[in-house]
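Now for the letters of each chain:
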Amino acid sequence: MSSEPKRIALLGATGSIGRQTIDIIRRHPELYRLVVVSAGSRVDDLASIAAEFRPRLAVIGNAELLPRLKSALEPLGIACAAGAEALADSVVADDIDMVVTATVGYSGLEPTINAIRAGKDIALANKETLVVAGDLVNALLADSPSRLYPIDSEHSAIAQCLEGEKPEHVRRLLITASGGPFRTWTREQIASATLADALRHPNWNMGRKITIDSATMLNKAFEIIEAHHLFGIESDRIDAVVHPQSIVHSMIEFTDGAIKAQLGVPDMRLPIAYAMGYNNRLAGVSEPLTLEAMSTLTFERPDTERFPCLTLARTALERRGNTACIINAANEIAVAAFLAEEIGFNDIYDIIVDTLEAMPYIANPAYADYVASNAEARTRAAEMVDKTKK
Ligand code: NDP
Ligand code: MG
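Residues numbered from 1 in each chain as written. Chains lettered and ligands numbered in written order. Predicted model: local features only at pLDDT ≥ 70, side-chain atom pairs only at ≥ 80, totals over all residues. Heavy atoms only, no water.

### Quick notes on the overall build of the chain
What counts, and what does not: The secondary structure listing takes helices from DSSP runs of H or I that are at least 4 residues long and strands from runs of E that are at least 2 residues long, numbered from the N terminus. C-alpha atoms define the radius of gyration in this analysis, and the globule rule sets the expected value at 2.2 Å times the number of residues to the power 0.38. We call a residue buried when its accessible area falls under 20% of the maximum for its residue type, exposed when it is over 50%, and partly exposed in between, using a 1.4 Å probe and counting protein chains only. Only heavy atoms enter the contact rule, under which two residues are in contact if any of them lie within 4.5 Å.
Helix and strand content of the chain: 17 helices and 11 strands. The C-alpha radius of gyration of the chain comes to 20 Å, within 12% of the 21 Å expected for a compact globule of 390 residues. Overall size of the chain, expressed as C-alpha extent along the three principal axes, is 55 × 50 × 40 Å. The buried share of the chain, taken over its 390 residues, is 55%. Within the chain, residue pairs in contact and separated by at least 24 positions form 69% of the contacts whose partners lie at least 6 positions apart.

Next comes the structure, spelled out in structure tokens:
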């Protein structure tokens, strides 16, 4: 590693991944320096992060909050900007070595694409980028010096298990899933699950959107899609395995029958630091596993009857084109409606499937097609939310 600190643009600084990234940067000023920070609407949190780390630029997604950001940061000599375009532009400057994408949802796509075009390395938490447009992102990466390192714990585990292995020796990826809060619930119980029930994740403290995705298990479908794009493995060789303890972060089965797994306490700082260090280990970043924690590790097959969202991985990877982009857009609208307590838990899956049926299929989408599919799928899903509202 070079002696100069790596210069970081952190998108989504105020969120769950963003705050844990900042924790690592705070403890390792000799390794990392923040030059750009951004958030969606938590302007005071963003201002206090910027006041502490003195980046060159702070960007807020919600443009109405720009005056408030400016009044806090301009006296400190920190430039301020607002809106999606400013966010997308903020990642290309020469003084950035790596972009950490910790925004949630579709909003991560354009900045990530710009960062790749500008040759920046990416530590990717925003899995929706690969779900929506994995083929496009891979095509851009092939023409760019950028390297992309996954932060998602399962994909970090796979990357760690791949070290020193030959790709042709990989038989199967086993992506572990906690099973979420409804792992042991019946179909009937799940049908009447409340928002508070769905937000009660057993092992991880994450943003609200991914917490709901974990409860429906669409998060695991997204991770299968993400794994396909990251590691070039077809979906029939990627399986989800329910592992309620979230100690084994994922596994690879090799052609000789060996299985390699990565274990650790459920602490996202480990995969964040591994990605930010270009797949290097940072001493002391998380607590070691105790023998007690490893004494009971259990594994179950996932139940697609109770968690039909899991089947959407295969749907997306078989149909390809703009399919996963539509699934993601419909899910974002449906999850927002569920978080607003406007629809029921199982309506999320129904709205995704109905939106998928209502949308035109595009086999080889260009960037503009993703933008259009995302916008149209959101409109259609919002109409379905209106019809479904309790
Ligand atoms: P949070 O909701 O906690 O944080 C999201 C961040 O993105 C916040 O800083 C938020 O700003 C910002 N943001 C939201 N919308 C916009 C927008 N339109 N424009 C600009 N910024 C925006 O999410 P998480 O940290 O939990 O998740 C982030 C990503 O990481 C997701 O893609 C998720 O799937 C992935 N991930 C998360 C894990 C976790 O443990 N949390 C684990 C694995 C993956 P504000 O605070 O102002 O709203
Ligand atoms: Mg994950």
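### Some remarks on the sheet that holds strand β2 (residues 32-39)
Convention followed: Strands are treated as partners if at least two bridges between them are detected by DSSP. Axes, fitted as lines to C-alpha atoms, cover a helix only where it is in contact. Angles between the N-to-C directions of the axes lie from 0 to 180 degrees.
Here 7 strands make up an open sheet; going across it, the order is β4-β3-β2-β1-β5-β6-β7 and the pairing parallel. Edge positions in the open sheet fall to β4 (79-82) and β7 (148-150), since each of these has one partner strand only. With direction set aside, neighbouring strand axes in the sheet form an average angle of 20 degrees. The pairing of strand β1 (residues 6-11) with strand β5 (residues 98-101) spans 4 bridges and is classified as parallel. Considered in β5, the bridge of I8 is made with M98. Relative to strand β6 (residues 121-124), helix α5 (residues 109-117) is tilted by about 150 degrees, and along the sheet it contacts β1, β5 and β6.

### A look at the coordination of the magnesium ion (ligand 2)
How we decide: Donor selection uses N, O and S atoms within 2.8 Å of the metal (3.2 Å for Na, K and Ca). Since no water is included, sites may look incomplete.
Protein-derived ligands of the magnesium ion (ligand 2) are D152 (OD), E154 (OE) and E223 (OE), with the metal-ligand distances lying across 2.1 to 2.2 Å. Each donor residue of the magnesium ion (ligand 2) lies on the same chain, and together they follow the pattern D-x1-E-x68-E. Placement of the pair is D152 in the loop between β7 and α7 (153-162) and E223 in helix α11 (residues 218-231), with a sequence separation of 71 residues. Its relative accessible area of 1% is what places E223 among the buried residues.

### Topic: the packing of helix α15 (residues 323-339) against helix α17 (residues 367-388)
For clarity, the cut-off: Angles are sorted into four bins: roughly parallel if under 35 degrees, roughly antiparallel if over 145, roughly perpendicular if 65 to 115, and oblique for all others. In a left-handed crossing the near helix is turned counterclockwise from the far helix by less than a right angle, and in a right-handed crossing that turn is clockwise. Gly is placed with the polar residues, together with every amino acid not listed as nonpolar (Ala, Val, Leu, Ile, Met, Phe, Trp, Tyr, Cys and Pro) or charged (Asp, Glu, Lys and Arg).
At a minimum axis distance of 8 Å, the contact between α15 and α17 shows a crossing angle of 40 degrees. Between α15 and α17, the interaxial angle falls into the category oblique. The crossing of α15 and α17 is right-handed. Contact residues: α15 offers C325, I326, A329, A330, E332, I333 and A337, while α17 offers Y370, S373, N374, A377, R378, A381, A382 and V385. Looking at the contact of α15 with α17 residue by residue, the class counts come to 11 nonpolar, 2 polar and 2 charged.

### Re the packing of aromatic side chains
Test applied: Here a Phe, Tyr or Trp ring, Trp counted by its six-membered ring, pairs with any other such ring whose centre lies within 6.5 Å, and the pair is stacked when the planes are under 30 degrees apart, edge-to-face when over 60, and tilted otherwise. Consider the ring centre and the ring normal. A charge sits over the ring if Lys NZ or Arg CZ is within 6 Å of that centre and within 35 degrees of that normal.
Scanning all chains against the criterion turns up 4 aromatic pairs. Ring geometry for F338 against F345: centres 5.6 Å apart, planes inclined by 70 degrees, an arrangement best described as edge-to-face. Grouped by ring-pair contacts, the aromatic residues F182, W185, F338 and F345 constitute a single cluster. Positioned above the aromatic ring of Y278 is the side chain of K6, whose terminal nitrogen or guanidinium carbon lies 3.3 Å from the ring centre. Here the basic side chain of R147 rests over the ring of Y278, its NZ or CZ set 4.6 Å away from the ring centre.

The analysis is restricted to geometry; functional conclusions fall outside its scope.
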